[in-house]
Protein chains: 2
Amino acid sequence: MATEEPIDVGSASRQGGARSVGLVETQTFSFAEPPDAMELECGRRLGPVTLAYETYGRLSAARDNAVLIVHALSGDAHVAGYHSPDDPKPGWWDLMVGPGKPYDTDRYFVVCSNILGGCKGSTGPSSVNPSTGRPWGLEFPVVTIGDMVRAQVRLMDHLGIERLLSVCGGSMGGMQVLEWAVEFPERVASAIVIAASARLSAQGIAFDEVGRQAIMADPNWMGGDYYGKATPAAGLALARMIGHITYLSDEQMHAKFGRRLRGGEGPAYDFRTEFEVESYLKYQGDSFVRRFDANSYLYITKAMDYFDLAERYGSLAGALERVRADCLVLSFTSDWLFPTYQSKEMVRALKANAVPTTFFEIPSGYGHDAFLLPNEQLAETVRGFVGNVHRHVREGGAKGGGP
Amino acid sequence: MATEEPIDVGSASRQGGARSVGLVETQTFSFAEPPDAMELECGRRLGPVTLAYETYGRLSAARDNAVLIVHALSGDAHVAGYHSPDDPKPGWWDLMVGPGKPYDTDRYFVVCSNILGGCKGSTGPSSVNPSTGRPWGLEFPVVTIGDMVRAQVRLMDHLGIERLLSVCGGSMGGMQVLEWAVEFPERVASAIVIAASARLSAQGIAFDEVGRQAIMADPNWMGGDYYGKATPAAGLALARMIGHITYLSDEQMHAKFGRRLRGGEGPAYDFRTEFEVESYLKYQGDSFVRRFDANSYLYITKAMDYFDLAERYGSLAGALERVRADCLVLSFTSDWLFPTYQSKEMVRALKANAVPTTFFEIPSGYGHDAFLLPNEQLAETVRGFVGNVHRHVREGGAKGGGP
């Protein structure tokens, strides 16, 4: 939870009058202790389950100002602020969460939890299997976006939040937002789906699969049983490199790296890292393996692959018929992993169900990663949308079937 | 060379009155015997050099009907026809080469050679290093598109072809066409550049690099010294899977595989191959390793990465100023590996130099691979363009600085 007096511990997060939430701590919530283990979509049961989470701001007496932010593949609970005074970097969406920022922590109570299956404090394949006393590895059950969201529902119950003012997420976070809006319609006043889709495309599945193959081909992977030994770092780094290409746009890669060689002394005529774009990807891959578990990468990408609201309800319109939230759908012009046409499919299905829906395709050259980068239109659109919903909720005029 | 009486050994290649070239044989040509070794762009010398090649049709007495077709990353000299009566598949561009086909072997003498650095009969890293008696492996010098083309020039000299009626290629083949047109302007009457670019983009380099990393991370790769032992099949298969995603379009993947599961019995909730798109990629990867050498994959992708006409001459217009050929530039609407904007850059630079240039963006949903697939506009455009150039050359009216 954020400290009571937010302190500014870095200039990185300053925007106008906006400030950092200051020092924050990750907390944990455990539930589903056997025999009350959680039932998973795959048919297996899992318990106990722990979620790591952070909160910022204060829940109002009316409990009508809670916002849930859900993260993408490699994210964690640490959205905003700093973990220590000498923490070099703030949370992953510090741009958006803090006093005076779009998710204004002077007005809203913001929650973010690390997903089920993750490796940042929540139960996942690197957690200890209580029945063996050893890390789960590939014995961990395959979890789905639905399982992740059902775990988040338990956390909301724990925090006393009956109905969320807003659920917001980008990429796989956007899938979780859709799952919330479709499966828990009474508990979501507004949903913000950024750079996401109601089902992963065949191309998306293909990229996920080559990443998984890279991990599973690493001899250190050992069928997932590598904990306490050498890790499949080369395979995970390669998976991350593949992923990173899909997060950037062709035009951004051209602008950022072009065809420049490191050192700039002409071709080396060998197979060492040479072009700046290679060096960048290698750095991204190498730094990722220091902060992420290879098995979690397998499980999380598989959850994305399985996500398909249309299949579950016969059609996209059939699924989104259940939504009672006001919806904001955002895409980015240069995002080719979750292109605008997929957002538009969603918007058409929402509108066919008369769900109040706002859609913008935001101009950006930064590809899929644009949702994580400074973007005034993104920030101001989210600020305005959530502010309006908040006003309506407080006036008792919000749509939807709240309690 | 094609047999004198072309026989039709399969219905696959029938189109209207067009026929197969019939049974063909791959031949070899060796040159650069030391001390006359070939000087390479990297500064090293290589010799002897062997090129595998095939020819179809007959060279006219005036030697004015020779066409060179150059292949892409994984191609070979076998463009058309069959190697035996029970050969299940014709050459890789049988659609385009044969009696009555766009490259009509009743009119043209068609040549195709496997590239230097390849593994289909030409000298490459899997060839024996004469100074050690063992396969070169990574001791093989890094070759460039320029080196490949200079080797082809030697083959043309050997075949008695002073000036080519047409040089044509797609993808990396298109890069070789550009190299021919820029570096040997007097020897090329017309150039056809399909789905290619005058320099590989940063995104293209990035995809090549992750493919190479996949190979080099395979423990069987052994620094390239794996000949006669277990090969880095898993790494090469993964590289091919990554490549294949870039050869197909998002829309084609959706149409061909969608989100269908093999067997169609619902999710397996494990990490085995499950989606049809995964199965397709796995098949492509596994079949590739049976016909391709991993080190050649490294060398050929590196040659693509280094290709940059603009850098060599200060600007693209500066490079293309040298061209004396009539040019035909073709791109495909759904090709995102070599997108149309790159072809247009080339066309603008050609037109700035008053080079007679025809450009079409051909509608196709098949992505980069479209150039290898049946496409009437592609076939008829090439047929018409080459026919016109042939007529002009025979009438002595062709542009350019012939012999």
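What counts as what
Residues numbered from 1 in each chain as written. Chains lettered and ligands numbered in written order. Predicted model: local features only at pLDDT ≥ 70, side-chain atom pairs only at ≥ 80, totals over all residues. Helix = DSSP H or I, 4+ residues; strand = E, 2+ residues; numbered from the N terminus. Rg over C-alpha atoms; globule rule 2.2 N^0.38 Å. Buried ≥ 20, exposed ≤ 12 C-beta atoms within 10 Å, placed from the backbone. Contact = placed C-beta atoms within 7 Å. Least-squares fit on C-alpha atoms with pLDDT ≥ 70 in both. Nonpolar A, V, L, I, M, F, W, Y, C, P; charged D, E, K, R; others polar. Core = buried A, V, L, I, M, F, W, Y, C linked by C-beta atoms within 7 Å. Pairing = 2+ DSSP bridges. Axes fitted to C-alpha atoms, helices over the stretch in contact; angles between N-to-C directions. Expected span 1.5 Å × (residues − 1). pLDDT = per-residue confidence, 0-100. Parallel < 35°, antiparallel > 145°, perpendicular 65-115°, else oblique. Left-handed = near helix turned anticlockwise from the far one by under 90°.

**Considerations on the overall build of chain A**
The helix and strand tally for chain A stands at 11 helices and 14 strands. A compact globule built from 403 residues would reach a C-alpha radius of gyration of about 22 Å, and chain A, at 21 Å, matches this within 12%. Put simply, chain A has 403 residues, and 58% of those count as buried. Long-range contacts, defined as pairs at least 24 residues apart, comprise 72% of the intrachain contacts of chain A with a sequence gap of at least 6.

**Focus on the relation of the copies chain A and chain B**
Rotating chain A by 180° about the axis while translating it 0.0 Å along that axis superimposes it on chain B, leaving an RMSD of 0.0 Å. Here the copies are linked by what is in effect a two-fold axis. A symmetric contact is evident, with 100% of the interface residues of chain A recurring at the interface of chain B.

**Digging into the interface of chain A and chain B**
Opposite the 41 residues of chain A that make contact, chain B presents 42 residues. At the level of elements, α3 (202–216), α4 (233–247), α5 (250–256), α6 (276–289) and α7 (294–306) of chain A are the ones that each hand at least two residues to the side of chain A that touches chain B. Ranked by residue count, the leading element in the side of chain A that touches chain B is α3 of chain A, at 11 residues. Among the residues making up the side of chain A that touches chain B, the classes are represented as 26 nonpolar, five polar and 10 charged.

**Thoughts on the nonpolar core**
Within the largest apolar cluster, 264 residues are counted, with the highest numbers of intra-cluster contacts made by Val 67 and Val 110 of chain A together with Val 67 and Val 110 of chain B. With residues near it in sequence (within four places) discarded, Val 67 of chain A still touches Tyr 103, Tyr 108, Phe 109, Val 110, Val 111, Leu 164, Leu 165, Ser 166 and Cys 168 of chain A.

**A look at the sheet that holds strand β8 (residues 109–113) of chain A**
All names here are of chain A. With mixed pairing, the eight strands of this open sheet are ordered in space as β1-β4-β8-β5-β11-β12-β13-β14. The open sheet is flanked by β1 (27–31) and β14 (357–362), the only strands paired with a single partner. Direction aside, the axes of adjacent strands within the sheet are offset by 20° on average. The pairing of strand β13 (residues 326–332) with β14 spans six bridges and is classified as parallel. From the neighbouring strand, Leu 330 faces β14, where its bridge partner is Phe 360. Against the sheet, helix α1 (residues 145–159) engages β1, β4 (49–56), β5 (66–70) and β8, with an angle of about 55° to β4.

**Observations concerning helix α10 (residues 340–352) of chain A**
Residues and elements named next belong to chain A. Between the first and last C-alpha of α10 there are 18 Å, a value that for 13 residues agrees with the 18 Å anticipated at 1.5 Å per step. Where α10 is concerned, the buried positions are Thr 340, Gln 342, Ser 343, Met 346, Val 347, Ala 349 and Leu 350. Buried residues along α10 sit in contact with β12 (190–194), α9 (316–320), β13 and β14. In the stretch just after α10, Ala 354 is the one whose phi turns positive, near 60°.

**Topic: the confidence of the model for chain A**
Residues and elements named next belong to chain A. When pLDDT is averaged across chain A, the result is 94; 94% of the residues are at 70 or more. Every residue in residues 398–403 is under pLDDT 50, and counting partners more than four places away or in other chains gives 18 contacts. In the model output, the complex is listed with pTM 0.94 alongside ipTM 0.93.

**Structural notes on the sheet that holds strand β4 (residues 49–56) of chain B**
Residues and elements named next belong to chain B. With mixed pairing, eight strands are arranged side by side in an open sheet as β1-β4-β8-β5-β11-β12-β13-β14. Pairing within the sheet leaves two strands with one partner each, and these edge strands are β1 (27–31) and β14 (357–362). Taken over all neighbouring pairs, the strand axes of this sheet differ in orientation by 20° on average, direction set aside. In terms of strand pairing, strand β12 (residues 190–194) meets strand β13 (residues 326–332) through five bridges, oriented parallel. Across the sheet, the residue bridging to Ser 190 is Asp 326, located in β13. In the packing of helix α2 (residues 172–183) onto the sheet, the strands contacted are β5 (66–70), β11 (166–170) and β12, and the crossing angle to β11 comes to about 150°.

**Examining the pairing of β5 of chain B**
Residues and elements named next belong to chain B. With respect to burial, β5 is a largely interior element, five of its five residues being buried. Both β5 and strand β8 (residues 109–113) contribute to a ladder of four bridges, which runs parallel. Bridge assignment links Leu 68 to a residue of β8, and that residue is Val 111. Two strands pair when backbone bridges link them, and β5 and β11 are joined in this way by four bridges, in the parallel orientation. Across the sheet, Ile 69 pairs through a bridge with Cys 168, a residue of β11.

**Notes on the packing of α3 of chain A against helix α4 (residues 233–247) of chain B**
Here α3 of chain A crosses α4 of chain B at 165°, and the two axes come no closer than 10 Å. Here α3 of chain A lies roughly antiparallel to α4 of chain B, going by the angle between them. Here the hand of the crossing between α3 of chain A and α4 of chain B comes out left-handed. Across the interface between the two elements, Gln 203, Ala 206, Phe 207, Val 210, Gln 213 and Ala 214 of chain A of α3 of chain A pack against Leu 238, Met 241, Ile 242 and Ile 245 of chain B of α4 of chain B. Here the contact of α3 of chain A with α4 of chain B is built from residues that sort into eight nonpolar, two polar and no charged.

**A few points about α3 of chain A**
Given 3.6 residues to a turn, an α-helix orients residues that are three or four positions apart in the same direction. Along its 15 residues, α3 of chain A runs 21 Å from first to last C-alpha, staying within 8% of the 21 Å computed at 1.5 Å per residue. Counting buried positions along α3 of chain A gives 14 out of 15 residues, so the element sits mostly inside the fold.

**Describing the environment of His 392 of chain B**
Residue and element names in this part refer to chain B. In this structure, His 392 sits in helix α11 (residues 376–394). Here His 392 falls in the partly exposed class, since 17 other C-beta atoms lie within 10 Å of it. It is 9.8 Å that separates the C-alpha atoms of His 392 and Ala 189, two residues lying 203 residues apart in sequence.

**Regarding unusual backbone geometry**
Cis geometry marks the peptide bond from Pro 34 of chain A to Pro 35 of chain A; its omega dihedral reads 10°. Mapped onto the secondary structure, Pro 35 of chain A falls in the loop between β1 and β2 (38–39). Look at Ser 171 of chain B: it is not a glycine, yet its phi comes out positive at around 60°. Within the secondary structure, Ser 171 of chain B is located in the loop between β11 and α2.

**Some words on the packing of α6 of chain A against helix α3 (residues 202–216) of chain B**
Orientation of α6 of chain A relative to α3 of chain B, taken along the N-to-C sense of each, is 55°, at an axis distance of 9 Å. With respect to α3 of chain B, the element α6 of chain A is oriented oblique. Viewed along their axes, α6 of chain A and α3 of chain B form a crossing whose handedness is right-handed. Packed against α6 of chain A, whose contacting residues are Val 277, Glu 278 and Leu 281 of chain A, the element α3 of chain B presents Ala 202, Ile 205, Ala 206 and Glu 209 of chain B at the interface.

**With respect to the environment of Glu 380 of chain A**
Residues and elements named next belong to chain A. You can see Glu 380 is positioned in helix α11 (residues 376–394). Classification of Glu 380 as exposed rests on a count of 11 C-beta atoms within 10 Å. Residues Glu 380 and Met 96 lie 284 residues apart in sequence; the distance between their C-alpha atoms is 9.8 Å.

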